[in-house]
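Residue strings, one per chain:
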Amino acid sequence: MTGSGRQLPAGRVGSPHGLDGSFNVERPAHELAEGTTVTVAGREAVVERRAGTDARPLVRLSGITDRDAVQALRGEALIAAGDRGALAEDEWPAADLVGCTIQGLGEVRRVVEAPSCDLLEVGDEGALVPFVSDAIKRVDVQARVIEVDREFLGLDPGRTIDRLDA
């Protein structure tokens, strides 16, 4: 499952820096060098400026020209093209998980980054399933299926639900 064209998380749009559309990158996971193409809020942009440090990058993207534009995107994921080889065997790009089905819960709508683990938002009601080894038994992105440990999640083996209660 290697190859270019894979989409990997690169961080999140952070606070604006200056007036020209530059911003701090939160949770950086990619170097975001000038010329790198990223996707943010469903549209592609190119890194036009890269400053700061690796731990706290400062970037400006094409099409984002002022503080208000950055503020509107604050918190949005930055997704960069990458190589599957950069991920461990039990890791998947978020884009590969979206659209997979969890039997009895529904389709994965998005992957939410949380402080302790990623969460799969599933079904029409947006049930949140922790993406941790205790909760996830198997992921088959080819078959578009994720198998969960229903007992760990507090679900009756045969019960179908749309929402998990916290």
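Residues numbered from 1 in each chain as written. Predicted model: local features only at pLDDT ≥ 70, side-chain atom pairs only at ≥ 80, totals over all residues. Heavy atoms only, no water.

Visitor: I would appreciate a short explanation of the overall build of the chain in the present structure.
Guide: A tally of regular secondary structure across the chain gives 2 helices and 12 strands. Reading the secondary structure of the chain in the N-to-C direction produces β-β-β-β-β-α-β-α-β-β-β-β-β-β. Per-residue burial over the chain gives 36% buried out of 166 residues. Taking all contacts inside the chain whose residues are at least 6 apart in sequence as the whole, residues at least 24 apart take part in 48%. (Helix = DSSP H or I, 4+ residues; strand = E, 2+ residues; numbered from the N terminus. Buried < 20%, exposed > 50% of the residue type's maximum accessible area, 1.4 Å probe, protein only. Contact = heavy atoms within 4.5 Å.)

Visitor: Sorry if this is basic, but what is going on with the nonpolar core here?
Guide: Core analysis: the biggest nonpolar cluster contains 17 residues, and I102, L120, V129, I136 and I146 have the highest contact counts within it. Core analysis: the next-biggest nonpolar cluster, separate from the first, contains 16 residues, A10, F23, L32 and L61 among them. (Core = buried A, V, L, I, M, F, W, Y, C linked by side-chain atoms within 4.5 Å.)

Visitor: Honestly, the pattern of salt bridges in this entry has me stumped. Any pointers?
Guide: Opposite charge on two side chains lets them pair, provided their charged atoms get close. All told, the structure shown has 7 salt bridges when counted by the stated rule. For the salt bridge of R138 with D140, the shortest nitrogen-to-oxygen distance reads 3.6 Å. One salt bridge in this structure joins E147 and R138, with 3.3 Å as the shortest N-O distance. Exposure remark for E147: the relative accessible area of 32% places this residue in the partly exposed category. Accessibility expressed as a relative area gives 40% for R138, which makes it partly exposed. (Salt bridge = Lys/Arg side-chain N within 4 Å of Asp/Glu carboxyl O.)

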